[in-house]
Amino acid sequence: VQLVESGGGLVQAGGSLRLSCVASGTAFSINNMAWYRQPPGKPRELVATITYGDGITKYADSVKGRCTISRDNFENTMFLHMNSLKLEDTAVYYCYADYGGGLHLDSWGQGTQVTVSS
C-alpha cells in the first residue's frame, strides 16, 4: 500500500485544516489506518486511529474534541479534520496503514507539514 498525504499548510491559531491521505496499491487489504504527528524536536506520536471496515475511531487526549478522523473506503482516502488549532499542533503529520490482513504490514506516507501561528 502506498500512502500520499496532502492538505497541510500554515494556519492561524483557532483555525481549521483538513488533511487527506490517499491509499493506492493493495488498499483492499487495509485493516486500520491512523494519523501520527511529529512536533519539532519531539518523537512521533499517535493522533487518531480508525478501523477500515467499521470505522471505529480513537483519539489522543490532546486532540479529542478538536479533531475528527474519517475514511471514504470507495475512494481509499482517509481524512483528519482539525479545528481550534493550537500552536502545539504544529508538526509533520503522517498517514499510517496496517494492511495485508493477518500479515499486519506497515506503510507510512511521506508526511505533510502543519504549522500553526499565533
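Residues numbered from 1 in each chain as written. Predicted model: local features only at pLDDT ≥ 70, side-chain atom pairs only at ≥ 80, totals over all residues. Heavy atoms only, no water.

## Things to note about the overall build of the protein
Move 1: When helices and strands are counted, the protein shows 0 helices and 11 strands.
Move 2: Compactness check: the protein gives a C-alpha radius of gyration of 14 Å against a globular reference of 13 Å for 118 residues, within 12% of the reference.
Move 3: Over its C-alpha atoms, taken along the principal directions, the protein stretches across nearly 45 × 25 × 25 Å.
Move 4: Counted over contacts in the protein with a minimum sequence separation of 6, partners at least 24 positions apart contribute 52%.
Move 5: Counting every atom, the protein has about 5,900 Å² of accessible surface; 53% of that belongs to carbon and sulfur. (Helix = DSSP H or I, 4+ residues; strand = E, 2+ residues; numbered from the N terminus. Rg over C-alpha atoms; globule rule 2.2 N^0.38 Å. Contact = heavy atoms within 4.5 Å. Areas by Shrake-Rupley, 256 points an atom, 1.4 Å probe, with all protein chains shown as cover.)

## Observations regarding the packing of aromatic side chains
Move 1: Taken as a whole, this structure holds 3 aromatic pairs when the rule is applied.
Move 2: A network of ring pairs unites the aromatic residues Tyr36, Tyr96 and Trp108 as a single cluster.
Move 3: The aromatic ring of Trp108 is capped on one face by Arg44, whose charged end is 4.6 Å from the ring centroid. (Phe/Tyr/Trp six-rings, centres within 6.5 Å; stacked < 30°, edge-to-face > 60°. Lys NZ or Arg CZ within 6 Å of the ring centre and 35° of its normal.)

## Looking at the sheet that holds strand 3 (residues 17-24)
Move 1: Spatially, 4 strands are ordered 1-3-8-7 in an open sheet, and the strand pairing comes out antiparallel. With one partner strand each, in any of the chains shown, strand 1 (2-6) and strand 7 (67-72) form the two edges of the open sheet. Strand-to-strand, the axes of this sheet are offset by a mean angle of 15°, without reference to chain direction.
Move 2: Pairing geometry for strand 3 and strand 8 (residues 77-82), over 6 bridges, is antiparallel. In the sheet register, Cys21 faces strand 8, and the bridge partner there is Met78. (Pairing = 2+ DSSP bridges. Axes fitted to C-alpha atoms, helices over the stretch in contact; angles between N-to-C directions.)

## Description of the state of the cysteines
Move 1: According to the stated counting rule, one finds 1 disulfide in the structure shown.
Move 2: Across the disulfide, Cys21 is cross-linked to Cys95 (sulfur-sulfur distance 1.9 Å). On the sign convention where negative is left-handed, the bridge of Cys21 and Cys95, at about -70° about the S-S bond, is left-handed. Of the two residues, Cys21 sits in strand 3 while Cys95 sits in strand 9 (residues 91-99), which places them 74 residues apart along the sequence. Both residues of the pair, Cys21 and Cys95, belong to the buried class.
Move 3: For the unlinked cysteine Cys67, the closest cysteine sulfur is that of Cys95, found at 15 Å. (Disulfide = S-S within 2.5 Å. Buried < 20%, exposed > 50% of the residue type's maximum accessible area, 1.4 Å probe, protein only.)

## Re the nonpolar core
Move 1: Core analysis: the biggest nonpolar cluster contains 29 residues, and Leu3, Met33, Trp35, Met78, Leu80, Met82 and Tyr93 have the highest contact counts within it.
Move 2: Broken down by secondary-structure element, the contributors of at least two residues to this core are strand 3, strand 4 (30-38), strand 5 (45-51), strand 7, strand 8, strand 9 and strand 11 (112-117).
Move 3: Among the elements that line this core, the one with the most residues is strand 9, at 5 residues.
Move 4: Once residues within four sequence positions are removed from consideration, Leu3 is found in contact with Cys21, Val22, Ala23, Met33, Cys95, Tyr96, Ala97, Ser107, Trp108, Gly109 and Gln110. (Core = buried A, V, L, I, M, F, W, Y, C linked by side-chain atoms within 4.5 Å.)

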